[in-house]
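Understanding the architecture of this molecule
Given next are the chains, with one letter for each unit.
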Amino acid sequence: MVIGTPAPFVSAFVEAVDDAMREHHPRHTMSATQRAWLAFCITAVLVTNSMCWARFERASLGTYALAALSWMFRHSKMPWDHLLVASGRVILRHHGLTSGNLVIDDTDNPRSKSAKALAYLYKLRDTESGGYLWGQSLGFLVVVTPKISIPVGVVFYQPAPEISAWYRTDKTLKKQGVPPKQRPRKPAPNPQYPTKEQLALRLLETFKAQHPDVRIHAVMADALYGTATFVDGASALLRGVQVLSHIRSNQNIRVGKRDQHVADYFATHPGTPYPIRIRGGDEVVAMVGSARLYVCAHKTKRFIVAIKYEEEETYRYLIASDLSWRTLDIVQGHTLRWLVEVFIQDWKSYEGWSQLTKQPGDEGARHSVILSLLVDHSLFLHPDQQRQLKNNLPAYTVGSLRAHVQVECLVEVIDDLVSSNNPQEKLKRFTQALHEVFAFGRSKKHMIQRQLGRLEPTPSLKYRAHEVMRTTPVMST
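Think of each chain on its own: its residues are numbered from 1, step by step along the sequence as written. Reporting in this predicted model follows two pLDDT cut-offs: at least 70 for local features of residues, and 80 or more for side-chain atom pairs to be given and counted; totals over whole chains, interfaces and linings ignore these cut-offs and use all residues. The basis for every side-chain value is the complete set of non-hydrogen atoms in the structure, without hydrogens or water.

Secondary structure assignment for the protein yields 16 helices and 12 strands. Each radius of gyration reported is based on C-alpha atoms, and the globular scaling rule is 2.2 Å times the count of residues to the power 0.38. Relative to the compact-globule value of 23 Å for 477 residues, the protein shows a C-alpha radius of gyration of 29 Å, a clear excess of over 25%. For the protein, the spread of C-alpha atoms along the principal axes amounts to about 95 × 90 × 45 Å. Taking the contacts inside the protein whose residues are at least 6 apart along the sequence as the reference set, 65% of them involve residues at least 24 apart. In this text, helices come from DSSP runs of H or I with a minimum length of four residues, and strands from runs of E with a minimum of two, each type numbered from the N-terminal end. By definition in these notes, contact holds between two residues if any of their heavy atoms fall within 4.5 Å.

This is the structure:
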(Lines give C-alpha, C1' and ligand atoms only; values in the text may rest on other atoms or scores of the structure.)
Protein backbone atom coordinates (compact mmCIF):
# COMPACT_ATOMS: atom_id res chain seq x y z
CA MET A 1 0.00 0.00 0.00
CA VAL A 2 1.11 3.58 -0.68
CA ILE A 3 0.49 6.96 0.94
CA GLY A 4 0.30 10.24 -0.92
CA THR A 5 -0.72 12.61 1.87
CA PRO A 6 -2.02 12.02 5.41
CA ALA A 7 -5.65 10.94 5.59
CA PRO A 8 -7.93 14.02 5.89
CA PHE A 9 -9.64 12.79 9.06
CA VAL A 10 -6.23 12.16 10.65
CA SER A 11 -5.09 15.71 9.84
CA ALA A 12 -8.32 17.06 11.36
CA PHE A 13 -7.75 14.90 14.45
CA VAL A 14 -4.19 16.20 14.91
CA GLU A 15 -5.40 19.81 14.57
CA ALA A 16 -8.08 19.17 17.21
CA VAL A 17 -5.51 17.65 19.57
CA ASP A 18 -3.23 20.65 19.11
CA ASP A 19 -6.13 23.02 19.86
CA ALA A 20 -6.96 21.05 23.03
CA MET A 21 -3.35 21.28 24.22
CA ARG A 22 -3.28 25.00 23.41
CA GLU A 23 -6.43 25.46 25.49
CA HIS A 24 -5.03 23.80 28.64
CA HIS A 25 -1.27 24.34 28.20
CA PRO A 26 -0.49 27.25 25.83
CA ARG A 27 3.22 26.41 25.93
CA HIS A 28 2.73 22.75 25.01
CA THR A 29 1.69 23.00 21.38
CA MET A 30 2.95 21.61 18.09
CA SER A 31 4.50 23.43 15.17
CA ALA A 32 3.18 23.00 11.64
CA THR A 33 6.04 20.59 10.88
CA GLN A 34 5.29 18.52 13.97
CA ARG A 35 1.60 18.36 13.12
CA ALA A 36 2.37 17.25 9.56
CA TRP A 37 4.81 14.61 10.85
CA LEU A 38 2.33 13.28 13.41
CA ALA A 39 -0.51 13.12 10.88
CA PHE A 40 1.68 11.23 8.43
CA CYS A 41 2.91 8.77 11.10
CA ILE A 42 -0.63 7.97 12.28
CA THR A 43 -1.70 7.38 8.69
CA ALA A 44 1.42 5.27 8.05
CA VAL A 45 0.71 3.07 11.08
CA LEU A 46 -2.80 2.45 9.78
CA VAL A 47 -1.51 1.61 6.30
CA THR A 48 1.54 -0.53 7.25
CA ASN A 49 0.39 -1.86 10.66
CA SER A 50 3.89 -1.26 12.03
CA MET A 51 6.01 1.28 13.88
CA CYS A 52 8.88 1.11 11.42
CA TRP A 53 10.41 4.15 9.68
CA ALA A 54 11.71 2.03 6.79
CA ARG A 55 8.19 0.81 6.02
CA PHE A 56 6.89 4.36 6.32
CA GLU A 57 9.48 5.51 3.78
CA ARG A 58 8.51 2.77 1.33
CA ALA A 59 4.79 3.49 1.78
CA SER A 60 5.38 7.16 0.93
CA LEU A 61 7.52 6.18 -2.08
CA GLY A 62 10.46 8.07 -0.64
CA THR A 63 8.59 11.33 0.00
CA TYR A 64 9.34 10.96 3.72
CA ALA A 65 12.90 9.77 4.33
CA LEU A 66 13.70 7.23 7.03
CA ALA A 67 16.35 9.47 8.61
CA ALA A 68 14.03 12.48 8.75
CA LEU A 69 11.19 10.49 10.31
CA SER A 70 13.52 9.01 12.92
CA TRP A 71 15.06 12.40 13.70
CA MET A 72 11.64 13.96 14.34
CA PHE A 73 10.73 11.09 16.66
CA ARG A 74 13.98 11.33 18.62
CA HIS A 75 14.91 15.00 18.67
CA SER A 76 11.85 17.11 17.90
CA LYS A 77 10.41 18.65 21.07
CA MET A 78 7.05 16.96 20.67
CA PRO A 79 4.82 17.34 23.78
CA TRP A 80 4.48 13.57 24.18
CA ASP A 81 3.26 13.68 27.80
CA HIS A 82 0.30 15.85 26.79
CA LEU A 83 -0.69 14.24 23.50
CA LEU A 84 -2.68 11.31 24.87
CA VAL A 85 -4.41 13.50 27.48
CA ALA A 86 -5.45 16.07 24.90
CA SER A 87 -6.54 13.35 22.50
CA GLY A 88 -8.77 11.79 25.18
CA ARG A 89 -10.35 15.18 25.86
CA VAL A 90 -11.02 15.66 22.15
CA ILE A 91 -12.78 12.31 21.79
CA LEU A 92 -14.86 12.64 24.97
CA ARG A 93 -15.92 16.19 24.12
CA HIS A 94 -16.60 15.43 20.45
CA HIS A 95 -19.02 12.63 21.33
CA GLY A 96 -20.53 14.40 24.35
CA LEU A 97 -19.36 11.83 26.90
CA THR A 98 -19.39 12.88 30.57
CA SER A 99 -19.51 9.58 32.47
CA GLY A 100 -18.27 6.00 32.31
CA ASN A 101 -16.47 3.15 34.02
CA LEU A 102 -12.72 2.59 34.32
CA VAL A 103 -11.27 -0.82 33.48
CA ILE A 104 -7.69 -1.84 34.29
CA ASP A 105 -5.75 -4.74 32.81
CA ASP A 106 -2.21 -5.68 31.87
CA THR A 107 -0.81 -7.64 28.95
CA ASP A 108 2.51 -9.19 27.97
CA ASN A 109 4.17 -8.61 24.62
CA PRO A 110 6.79 -11.24 23.60
CA ARG A 111 10.02 -9.97 22.12
CA SER A 112 13.02 -11.58 20.47
CA LYS A 113 15.88 -12.67 22.74
CA SER A 114 18.21 -10.57 20.61
CA ALA A 115 16.22 -7.36 21.23
CA LYS A 116 18.52 -6.11 23.97
CA ALA A 117 18.15 -2.41 23.11
CA LEU A 118 14.41 -2.27 23.86
CA ALA A 119 13.38 -0.91 27.25
CA TYR A 120 11.46 -2.66 30.05
CA LEU A 121 12.43 -6.18 28.97
CA TYR A 122 12.39 -9.04 31.45
CA LYS A 123 11.67 -12.76 31.62
CA LEU A 124 7.93 -13.41 31.35
CA ARG A 125 6.02 -16.50 32.32
CA ASP A 126 4.47 -18.19 29.27
CA THR A 127 1.11 -19.60 30.33
CA GLU A 128 0.73 -21.75 27.19
CA SER A 129 4.04 -23.63 27.38
CA GLY A 130 4.69 -23.28 31.10
CA GLY A 131 8.15 -21.90 30.38
CA TYR A 132 9.60 -18.41 30.10
CA LEU A 133 10.08 -15.91 27.31
CA TRP A 134 11.61 -12.48 26.80
CA GLY A 135 9.20 -9.58 26.56
CA GLN A 136 7.55 -6.45 27.90
CA SER A 137 4.55 -5.98 30.19
CA LEU A 138 2.14 -3.04 29.87
CA GLY A 139 -0.79 -1.89 31.96
CA PHE A 140 -3.76 -0.10 30.36
CA LEU A 141 -6.54 2.09 31.69
CA VAL A 142 -9.65 2.10 29.47
CA VAL A 143 -12.76 4.20 30.02
CA VAL A 144 -15.98 2.43 29.02
CA THR A 145 -18.74 4.93 28.22
CA PRO A 146 -22.33 4.35 27.05
CA LYS A 147 -21.09 4.85 23.45
CA ILE A 148 -17.45 3.91 23.08
CA SER A 149 -14.46 2.46 24.94
CA ILE A 150 -11.16 4.33 24.64
CA PRO A 151 -7.70 3.90 26.22
CA VAL A 152 -6.77 6.84 28.45
CA GLY A 153 -3.60 5.61 30.16
CA VAL A 154 -0.69 3.24 29.69
CA VAL A 155 2.34 2.32 31.76
CA PHE A 156 5.21 -0.16 31.51
CA TYR A 157 5.89 -2.64 34.31
CA GLN A 158 9.25 -4.12 35.19
CA PRO A 159 10.07 -6.08 38.38
CA ALA A 160 12.91 -5.03 40.66
CA PRO A 161 16.09 -6.99 39.73
CA GLU A 162 16.94 -7.74 43.37
CA ILE A 163 13.49 -9.19 44.05
CA SER A 164 13.65 -11.32 40.88
CA ALA A 165 17.04 -12.64 41.98
CA TRP A 166 15.66 -13.39 45.44
CA TYR A 167 12.73 -15.35 43.97
CA ARG A 168 15.14 -17.50 41.93
CA THR A 169 17.38 -18.16 44.93
CA ASP A 170 14.46 -18.88 47.25
CA LYS A 171 12.93 -21.30 44.74
CA THR A 172 16.22 -23.20 44.41
CA LEU A 173 16.74 -23.40 48.19
CA LYS A 174 13.15 -24.49 48.71
CA LYS A 175 13.64 -27.40 46.30
CA GLN A 176 16.76 -28.37 48.24
CA GLY A 177 14.72 -28.55 51.44
CA VAL A 178 16.29 -25.56 53.18
CA PRO A 179 14.01 -24.33 56.05
CA PRO A 180 12.46 -20.85 55.63
CA LYS A 181 14.46 -19.43 58.55
CA GLN A 182 17.72 -20.35 56.85
CA ARG A 183 16.77 -18.83 53.50
CA PRO A 184 17.52 -15.17 52.69
CA ARG A 185 14.77 -12.69 53.55
CA LYS A 186 12.83 -10.96 50.81
CA PRO A 187 14.40 -7.58 49.92
CA ALA A 188 12.53 -4.39 50.74
CA PRO A 189 10.42 -2.92 47.91
CA ASN A 190 12.35 -0.72 45.53
CA PRO A 191 10.48 2.57 44.85
CA GLN A 192 12.10 2.76 41.40
CA TYR A 193 10.25 -0.43 40.43
CA PRO A 194 6.59 -0.02 41.52
CA THR A 195 4.29 -3.03 41.58
CA LYS A 196 1.41 -3.49 39.14
CA GLU A 197 -1.02 -2.40 41.87
CA GLN A 198 0.92 0.80 42.48
CA LEU A 199 1.07 1.52 38.76
CA ALA A 200 -2.69 0.96 38.43
CA LEU A 201 -3.38 3.39 41.28
CA ARG A 202 -1.12 5.95 39.59
CA LEU A 203 -3.12 5.59 36.39
CA LEU A 204 -6.35 6.23 38.30
CA GLU A 205 -4.87 9.23 40.09
CA THR A 206 -3.59 10.68 36.80
CA PHE A 207 -6.96 10.17 35.10
CA LYS A 208 -8.75 11.94 37.95
CA ALA A 209 -6.42 14.94 37.67
CA GLN A 210 -6.58 15.10 33.87
CA HIS A 211 -10.34 14.51 33.44
CA PRO A 212 -12.01 15.97 36.56
CA ASP A 213 -15.35 16.51 34.78
CA VAL A 214 -15.85 12.83 33.87
CA ARG A 215 -18.06 11.04 36.36
CA ILE A 216 -16.93 7.49 37.14
CA HIS A 217 -19.47 4.88 38.27
CA ALA A 218 -17.13 1.93 38.95
CA VAL A 219 -13.56 0.68 38.63
CA MET A 220 -13.13 -2.88 37.37
CA ALA A 221 -10.07 -5.11 37.41
CA ASP A 222 -9.17 -8.81 37.38
CA ALA A 223 -8.00 -11.03 40.24
CA LEU A 224 -4.48 -9.55 40.33
CA TYR A 225 -5.95 -6.34 41.75
CA GLY A 226 -8.31 -7.96 44.27
CA THR A 227 -6.25 -6.84 47.28
CA ALA A 228 -7.18 -4.50 50.10
CA THR A 229 -4.47 -2.06 49.02
CA PHE A 230 -5.91 -1.62 45.56
CA VAL A 231 -9.62 -1.83 46.39
CA ASP A 232 -9.44 0.69 49.24
CA GLY A 233 -6.94 2.88 47.39
CA ALA A 234 -8.97 3.07 44.18
CA SER A 235 -12.21 3.74 46.06
CA ALA A 236 -10.60 6.52 48.11
CA LEU A 237 -9.00 8.13 45.05
CA LEU A 238 -12.35 8.46 43.27
CA ARG A 239 -14.41 9.49 46.31
CA GLY A 240 -15.91 6.18 47.31
CA VAL A 241 -16.60 4.84 43.84
CA GLN A 242 -17.50 1.15 43.47
CA VAL A 243 -14.49 -1.14 42.89
CA LEU A 244 -15.11 -4.60 41.40
CA SER A 245 -12.55 -7.39 41.32
CA HIS A 246 -12.05 -11.10 42.09
CA ILE A 247 -10.89 -13.06 45.12
CA ARG A 248 -9.54 -16.59 45.34
CA SER A 249 -11.74 -19.51 46.29
CA ASN A 250 -9.53 -20.21 49.33
CA GLN A 251 -9.73 -16.63 50.63
CA ASN A 252 -10.61 -16.60 54.32
CA ILE A 253 -13.86 -14.97 55.41
CA ARG A 254 -15.35 -14.70 58.89
CA VAL A 255 -18.85 -16.01 59.50
CA GLY A 256 -19.85 -15.35 63.09
CA LYS A 257 -16.73 -16.24 65.08
CA ARG A 258 -15.43 -18.85 62.66
CA ASP A 259 -13.09 -18.40 59.69
CA GLN A 260 -13.62 -20.42 56.53
CA HIS A 261 -12.84 -20.35 52.82
CA VAL A 262 -15.12 -18.52 50.41
CA ALA A 263 -15.73 -21.74 48.46
CA ASP A 264 -16.74 -23.60 51.63
CA TYR A 265 -19.26 -20.92 52.56
CA PHE A 266 -20.98 -20.89 49.16
CA ALA A 267 -20.95 -24.70 49.04
CA THR A 268 -23.51 -24.56 51.84
CA HIS A 269 -25.25 -21.50 50.39
CA PRO A 270 -25.77 -22.44 46.70
CA GLY A 271 -26.80 -19.82 44.19
CA THR A 272 -30.03 -19.54 42.26
CA PRO A 273 -30.48 -19.15 38.48
CA TYR A 274 -30.75 -15.57 37.21
CA PRO A 275 -30.99 -14.15 33.67
CA ILE A 276 -28.01 -11.86 33.00
CA ARG A 277 -27.27 -9.62 30.03
CA ILE A 278 -23.63 -9.87 29.01
CA ARG A 279 -22.39 -6.32 28.34
CA GLY A 280 -25.95 -5.22 27.59
CA GLY A 281 -26.27 -7.78 24.79
CA ASP A 282 -27.08 -11.47 24.84
CA GLU A 283 -29.01 -12.81 27.80
CA VAL A 284 -27.71 -15.92 29.57
CA VAL A 285 -28.72 -17.81 32.69
CA ALA A 286 -26.16 -18.08 35.50
CA MET A 287 -26.13 -19.44 39.02
CA VAL A 288 -25.65 -16.47 41.34
CA GLY A 289 -25.23 -16.28 45.09
CA SER A 290 -24.16 -13.34 47.22
CA ALA A 291 -23.50 -12.21 50.78
CA ARG A 292 -21.94 -9.30 52.64
CA LEU A 293 -19.11 -10.96 54.52
CA TYR A 294 -16.01 -9.99 56.49
CA VAL A 295 -12.87 -10.68 54.42
CA CYS A 296 -10.00 -11.39 56.79
CA ALA A 297 -7.20 -10.16 54.51
CA HIS A 298 -9.09 -6.92 53.77
CA LYS A 299 -10.05 -6.40 57.46
CA THR A 300 -13.50 -5.20 56.43
CA LYS A 301 -16.75 -6.41 54.95
CA ARG A 302 -17.09 -6.85 51.20
CA PHE A 303 -20.00 -7.70 48.97
CA ILE A 304 -19.04 -11.17 47.69
CA VAL A 305 -20.82 -12.62 44.67
CA ALA A 306 -20.47 -16.26 43.57
CA ILE A 307 -21.30 -16.77 39.90
CA LYS A 308 -21.23 -19.81 37.63
CA TYR A 309 -22.28 -19.78 33.98
CA GLU A 310 -23.88 -22.77 32.28
CA GLU A 311 -20.68 -24.07 30.66
CA GLU A 312 -18.64 -23.74 33.87
CA GLU A 313 -18.18 -26.38 36.55
CA THR A 314 -16.95 -24.21 39.43
CA TYR A 315 -17.92 -20.83 40.82
CA ARG A 316 -15.88 -17.66 40.44
CA TYR A 317 -16.01 -15.07 43.20
CA LEU A 318 -16.38 -11.33 42.73
CA ILE A 319 -15.93 -8.66 45.39
CA ALA A 320 -17.36 -5.15 45.57
CA SER A 321 -16.29 -2.35 47.87
CA ASP A 322 -19.69 -0.60 47.94
CA LEU A 323 -22.18 -2.72 49.88
CA SER A 324 -25.21 -0.74 48.67
CA TRP A 325 -25.24 -2.12 45.12
CA ARG A 326 -27.63 -4.89 44.07
CA THR A 327 -26.24 -8.33 43.27
CA LEU A 328 -27.28 -8.36 39.60
CA ASP A 329 -25.92 -4.84 39.10
CA ILE A 330 -22.51 -6.04 40.31
CA VAL A 331 -22.61 -9.11 38.05
CA GLN A 332 -23.69 -7.23 34.94
CA GLY A 333 -21.31 -4.37 35.67
CA HIS A 334 -18.36 -6.70 35.99
CA THR A 335 -19.04 -8.15 32.54
CA LEU A 336 -17.81 -4.82 31.14
CA ARG A 337 -14.29 -5.76 32.24
CA TRP A 338 -14.00 -7.99 29.17
CA LEU A 339 -14.04 -4.90 26.93
CA VAL A 340 -10.45 -4.10 27.87
CA GLU A 341 -9.50 -7.51 26.48
CA VAL A 342 -11.14 -6.58 23.17
CA PHE A 343 -9.21 -3.31 23.09
CA ILE A 344 -5.90 -5.10 23.77
CA GLN A 345 -6.61 -7.60 21.00
CA ASP A 346 -7.36 -4.78 18.54
CA TRP A 347 -4.29 -2.85 19.67
CA LYS A 348 -2.01 -5.83 19.17
CA SER A 349 -3.53 -6.79 15.81
CA TYR A 350 -4.10 -3.51 14.00
CA GLU A 351 -2.30 -0.59 15.65
CA GLY A 352 1.31 -1.26 14.83
CA TRP A 353 3.17 -1.40 18.10
CA SER A 354 3.05 -5.13 18.75
CA GLN A 355 3.60 -6.06 15.11
CA LEU A 356 6.89 -4.30 14.45
CA THR A 357 8.55 -1.64 16.59
CA LYS A 358 12.28 -1.12 16.93
CA GLN A 359 12.52 2.16 18.85
CA PRO A 360 15.12 1.53 21.59
CA GLY A 361 15.40 3.10 25.01
CA ASP A 362 12.90 4.33 27.56
CA GLU A 363 11.65 7.26 25.48
CA GLY A 364 11.46 5.12 22.35
CA ALA A 365 9.19 2.64 24.12
CA ARG A 366 6.87 5.17 25.77
CA HIS A 367 6.58 7.53 22.82
CA SER A 368 5.90 4.76 20.32
CA VAL A 369 3.12 3.38 22.53
CA ILE A 370 1.55 6.85 22.73
CA LEU A 371 1.72 7.12 18.94
CA SER A 372 0.01 3.75 18.65
CA LEU A 373 -2.80 4.79 21.02
CA LEU A 374 -3.29 8.01 19.06
CA VAL A 375 -4.02 5.75 16.09
CA ASP A 376 -6.83 4.16 18.11
CA HIS A 377 -8.22 7.59 19.07
CA SER A 378 -8.04 8.97 15.54
CA LEU A 379 -10.40 6.28 14.22
CA PHE A 380 -13.23 7.79 16.31
CA LEU A 381 -13.06 10.82 13.99
CA HIS A 382 -13.25 8.73 10.83
CA PRO A 383 -16.31 10.02 8.89
CA ASP A 384 -17.94 6.58 8.66
CA GLN A 385 -17.38 5.89 12.36
CA GLN A 386 -18.75 9.30 13.32
CA ARG A 387 -21.86 8.66 11.22
CA GLN A 388 -22.50 5.37 13.03
CA LEU A 389 -22.07 6.86 16.49
CA LYS A 390 -24.14 9.95 15.68
CA ASN A 391 -27.06 7.77 14.56
CA ASN A 392 -26.71 5.51 17.62
CA LEU A 393 -25.66 2.54 15.46
CA PRO A 394 -23.03 -0.12 16.29
CA ALA A 395 -19.49 1.20 15.85
CA TYR A 396 -17.26 -0.30 13.18
CA THR A 397 -14.34 -2.54 14.11
CA VAL A 398 -10.75 -1.32 14.07
CA GLY A 399 -9.81 -3.91 11.45
CA SER A 400 -12.49 -2.84 9.00
CA LEU A 401 -11.71 0.86 9.49
CA ARG A 402 -8.01 0.22 8.91
CA ALA A 403 -8.82 -1.62 5.66
CA HIS A 404 -10.90 1.35 4.50
CA VAL A 405 -8.07 3.76 5.30
CA GLN A 406 -5.70 1.66 3.19
CA VAL A 407 -8.11 1.76 0.27
CA GLU A 408 -8.77 5.49 0.72
CA CYS A 409 -5.03 6.26 0.65
CA LEU A 410 -4.54 4.20 -2.51
CA VAL A 411 -7.55 5.82 -4.24
CA GLU A 412 -6.24 9.27 -3.25
CA VAL A 413 -2.90 8.52 -4.93
CA ILE A 414 -4.64 7.26 -8.09
CA ASP A 415 -7.02 10.24 -8.16
CA ASP A 416 -4.10 12.66 -7.84
CA LEU A 417 -2.35 10.86 -10.69
CA VAL A 418 -5.36 10.86 -13.02
CA SER A 419 -6.45 14.45 -12.34
CA SER A 420 -2.99 15.97 -12.87
CA ASN A 421 -2.33 18.24 -15.88
CA ASN A 422 0.15 15.78 -17.35
CA PRO A 423 -0.86 12.29 -16.19
CA GLN A 424 1.60 10.50 -18.46
CA GLU A 425 4.58 12.38 -17.05
CA LYS A 426 3.33 11.94 -13.49
CA LEU A 427 2.75 8.22 -14.07
CA LYS A 428 6.33 7.95 -15.32
CA ARG A 429 7.68 9.62 -12.16
CA PHE A 430 5.36 7.52 -10.01
CA THR A 431 6.57 4.30 -11.67
CA GLN A 432 10.18 5.35 -11.27
CA ALA A 433 9.63 6.05 -7.57
CA LEU A 434 8.02 2.63 -7.16
CA HIS A 435 11.01 0.90 -8.71
CA GLU A 436 13.48 2.91 -6.61
CA VAL A 437 11.72 2.18 -3.34
CA PHE A 438 10.83 -1.44 -4.06
CA ALA A 439 14.21 -2.38 -5.46
CA PHE A 440 15.21 -5.99 -6.12
CA GLY A 441 17.14 -7.73 -3.37
CA ARG A 442 19.99 -10.18 -3.96
CA SER A 443 19.20 -13.70 -2.82
CA LYS A 444 21.66 -15.69 -0.73
CA LYS A 445 19.84 -18.93 -1.46
CA HIS A 446 21.45 -19.42 -4.88
CA MET A 447 25.15 -20.09 -5.51
CA ILE A 448 25.66 -18.01 -8.64
CA GLN A 449 28.91 -15.95 -8.45
CA ARG A 450 29.99 -17.98 -5.41
CA GLN A 451 32.59 -20.70 -4.91
CA LEU A 452 30.73 -23.98 -4.78
CA GLY A 453 33.86 -26.02 -4.05
CA ARG A 454 35.19 -29.27 -5.58
CA LEU A 455 32.59 -31.93 -4.90
CA GLU A 456 34.06 -35.14 -6.50
CA PRO A 457 36.37 -38.03 -5.53
CA THR A 458 40.19 -37.77 -5.87
CA PRO A 459 41.69 -40.65 -7.95
CA SER A 460 45.00 -40.66 -6.01
CA LEU A 461 43.16 -41.35 -2.76
CA LYS A 462 41.35 -44.47 -3.99
CA TYR A 463 44.16 -46.76 -2.82
CA ARG A 464 44.03 -45.16 0.63
CA ALA A 465 40.32 -45.79 0.90
CA HIS A 466 40.88 -49.43 -0.16
CA GLU A 467 43.55 -49.94 2.56
CA VAL A 468 41.30 -48.45 5.23
CA MET A 469 38.41 -50.70 4.32
CA ARG A 470 40.70 -53.81 4.14
CA THR A 471 42.14 -53.26 7.62
CA THR A 472 38.80 -52.48 9.25
CA PRO A 473 37.84 -55.36 11.60
CA VAL A 474 34.59 -57.14 10.91
CA MET A 475 32.04 -56.64 13.71
CA SER A 476 30.44 -59.86 14.87
CA THR A 477 26.64 -59.94 14.99
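Once the structure has been displayed, the description carries forward.
Right, let's get into the state of the cysteines. Cysteine sulfur atoms that come within 2.5 Å of each other are treated as a disulfide pair. Inspection of the entire model under this criterion finds zero disulfides. Cysteine C41 remains unbridged, with the sulfur of C52 as its closest cysteine sulfur at 12 Å. Accessibility expressed as a relative area gives 0% for C41, which makes it buried. For each residue, the accessible area found with a 1.4 Å probe, counting protein chains only, is set against the maximum for its type, and the residue is called buried under 20%, exposed over 50%, and partly exposed in between.

Attention now moves to the environment of H82. Tracing the backbone shows H82 in helix 5 (residues 80–94). Owing to a relative accessible area of 22%, H82 belongs among the partly exposed residues under this scheme. Here the alpha-carbon distance between H82 and Q210, two residues 128 residues apart in the chain, equals 9.9 Å. What H82 contacts, discounting residues up to four positions off in sequence, is M21, H25 and H28.

With that settled, the discussion passes to the packing of helix 1 (residues 8–24) against helix 5. Between helix 1 and helix 5, the least distance of the axes is 8 Å, while the angle of their chain directions is 105°. It follows that helix 1 is roughly perpendicular to helix 5 by the angle criterion. Contacts from F13, A16, V17, A20, M21, E23 and H24 of helix 1 reach helix 5 at H82, L83, A86, S87, R89, V90, I91 and R93. Its residues assigned to classes, the contact of helix 1 with helix 5 shows nine nonpolar, three polar and three charged. For helices, the fitted line uses only the C-alpha atoms of the stretch in contact; every axis is such a line through C-alpha atoms, and the angle between N-to-C directions lies from 0 to 180 degrees. Our angle categories are set so that under 35 degrees counts as roughly parallel, over 145 as roughly antiparallel, 65 to 115 as roughly perpendicular, and the remainder as oblique. Gly is placed with the polar residues, together with every amino acid not listed as nonpolar (Ala, Val, Leu, Ile, Met, Phe, Trp, Tyr, Cys and Pro) or charged (Asp, Glu, Lys and Arg).

Looking now at the side chain of S137. Note on placement: S137 falls in strand 3 (residues 132–144). A polar side-chain atom of S137 sits 3.2 Å from a polar atom in the side chain of D108. What S137 contacts, discounting residues up to four positions off in sequence, is T107, D108, Y122, L124, V155, F156, Y157 and K196. Whenever a nitrogen or oxygen atom comes within 3.5 Å of another N or O atom, the pair is scored as a polar contact, on the condition that within protein one atom can donate a hydrogen and the other can accept it, and that pairs from neighbouring residues in sequence are kept only if both atoms are in side chains.

Quick look at a nonpolar patch on the surface now. Patch rule: a residue counts if its relative accessible area is over 30% and it has no salt bridge; like charges are joined within 9 Å, and nonpolar side chains (Val, Leu, Ile, Met, Phe, Trp, Tyr) within 5 Å. Computed by Shrake-Rupley with a 1.4 Å probe, the accessible areas treat only the displayed protein chains as cover when residues are assessed. In what follows, salt bridge is the name for a side-chain nitrogen of Lys or Arg lying within 4 Å of a carboxyl oxygen of Asp or Glu. Where nonpolar side chains cluster on the molecular surface, the patch consists of L410, I414 and V418 and spans about 260 Å² of accessible area. Assignment of secondary structure puts L410 in helix 14 (residues 398–418). With relative accessibility at 34%, the residue L410 sits in the partly exposed group.

So, on to the pattern of salt bridges. Two side chains with opposite charge may pair up if their charged atoms get near one another. On inspection of all chains with the given rule, the structure shows 17 salt bridges. Because the salt bridges share partners, they merge into one network encompassing E15, D18, R22 and R35.

With that out of the way, let us pick up empty space enclosed by the protein. The definitions used throughout rest on a 1 Å grid laid over the protein atoms alone, on which a cavity is an enclosed set of points accommodating a 1.4 Å probe that cannot get out and a pocket is an open set flanked by protein within 12 Å on both sides along at least five of seven lines; lining residues are those having an atom within 4 Å of a point. Grid points are joined across faces, edges and corners, and a volume is the space filled by probe spheres set on the points. Tallied over the full model, the rule gives two cavities of 30 Å³ or more. Of the volumes computed, that of the largest cavity is approximately 60 Å³. Looking at the largest cavity, it is lined by 13 residues, and the ones nearest its centre are G139, V155, K196, L199 and Y225. Those elements giving two or more residues to the lining of the largest cavity turn out to be strand 1 (99–110), strand 3, strand 4 (149–157) and helix 7 (196–210). Element by element, the count of residues in the lining of the largest cavity is highest for helix 7, at four residues.

The next point concerns helix 14. Taking 1.5 Å per residue as the helical rise, helix 14 with its 21 residues ought to reach 30 Å, and the 30 Å between its terminal C-alpha atoms agrees with that figure. Among the residues of helix 14, V398, G399, L401, R402, V405, Q406, C409, V413 and L417 are the ones counted as buried. A helix is expected to span 1.5 Å for every residue after the first.

This part covers helix 10 (residues 327–334). Listed in full, the buried residues belonging to helix 10 are T327, I330, V331, G333 and H334. Considered in projection along helix 10, the buried side chains sweep an arc of 170° and stay on one side of the axis. Directions drawn from the helix axis to the C-beta atoms are what define this arc.

Turning our eyes to something else, we now look at the packing of aromatic side chains. Aromatic rings from Phe, Tyr and Trp, taking only the six-membered ring of Trp, are treated as a pair when their centres fall within 6.5 Å; an angle between ring planes under 30 degrees marks them as stacked, one over 60 as edge-to-face, and anything in between as tilted. The full count for this structure, using the stated rule, is 17 aromatic pairs. Arranged with centres 6.3 Å apart and planes meeting at 90°, the rings of F40 and F56 form a pair that is edge-to-face. A residue pair is termed long-range when its members are at least 10 positions apart, and F40 in helix 2 (residues 32–48) and F56 in helix 3 (residues 53–59) qualify at 16 residues. Ring geometry for W53 and F73: centres 5.2 Å apart, planes at 55°, overall tilted.

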